[in-house]
Amino acid sequence: QDELVFCFTCPAEQAGIGGCNCYEDVYFLERDSEKCQIKMGTAEVTAFKWIHIESLEKALRSGNEEYVPRSSLYLDAFFKLLTMRTTAAMPIRQMTSR
């Protein structure tokens, strides 16, 4: 838990698409995809994969249905901070919600 880095809080207005209106706290946790062993919970996660940052941003901004929808406010803050922390060639884990 000491490795988690708090990044921002963002309103999540998803009631119109079957979700709920709430606030989401966003944290980053850096891991080497070659050495990381994933143990996925099943309560809110249906899948995960390693993906390059550029591909993730394109998928989220285009509304790709494989991913949980995110507001422009969320995406702008997320990718600004992520870009500051890493390079576009480094993959990250993206989780998709039920």
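Numbers given for residues are sequential positions, taken from 1 along each chain in its written order. Only residues with pLDDT of at least 70 get local features here, since the model is predicted, and only at 80 or more are side-chain atom pairs given and counted; chain-wide, interface and lining totals rely on the full set of residues. Hydrogens and water are ignored here; the side-chain numbers use all heavy atoms of the structure.

Novice: Looking at this structure, how should I read helix α1 (residues 53–61)?
Specialist: Helical geometry note: an α-helix holds 3.6 residues per turn, so side chains three or four residues apart project in the same direction. Residues of α1 that are buried include every one of Ile53, Leu56, Ala59 and Leu60, and no others. Across the axial projection of α1, the buried residues extend over an arc of 130 degrees, all falling on one side. Opposite the packed face of α1, turned more than 90 degrees from it, sit the exposed residues Glu54 and Lys58. Helical segments are the DSSP runs of H or I of at least four residues, strand segments are the runs of E of at least two, and each set is numbered from the N terminus. Within two residues after α1, Gly63 carries a phi angle of roughly 80 degrees, on the positive side. Burial classes follow relative accessibility: with a 1.4 Å probe on protein chains only, a residue under 20% of its type's maximum area counts as buried, one over 50% as exposed, and anything between as partly exposed. Think of the arc as the fan of directions from the helix axis to the C-beta atoms.

Novice: Got a minute to help me understand the pattern of salt bridges in this structure?
Specialist: Should a side-chain nitrogen of Lys or Arg be within 4 Å of a carboxyl oxygen of Asp or Glu, the pair is scored as a salt bridge. Here the structure, examined in full by the defined rule, presents 4 salt bridges. Lys49 serves as the salt-bridge partner of Glu66, at 3.4 Å between the closest nitrogen and oxygen. With Glu66 in the loop between α1 and α2 (72–85) and Lys49 in strand β3 (residues 45–52), this pair connects stretches of sequence that are 17 residues apart. Among the residues examined, Lys49 registers a relative accessible area of 35% and is labelled partly exposed. In this structure, Arg61 engages Asp76 in a salt bridge whose closest nitrogen and oxygen atoms are separated by 3.0 Å. Here Asp76 lies in helix α2 and Arg61 lies in helix α1, a separation of 15 residues in the sequence. The network of salt bridges with shared partners includes Glu57, Arg61 and Asp76.

Novice: What am I meant to see in the environment of Phe79 here?
Specialist: Mapped onto the elements of the fold, Phe79 is located in helix α2. Considering only alpha carbons, one finds Phe79 and Glu57, 22 residues apart in sequence, at a separation of 7.3 Å. In what follows, a contact means two residues having at least one pair of non-hydrogen atoms within 4.5 Å. With near-sequence residues (within four places) excluded, Phe79 lies in contact with Ile53, Leu56, Glu57, Leu60 and Arg61.

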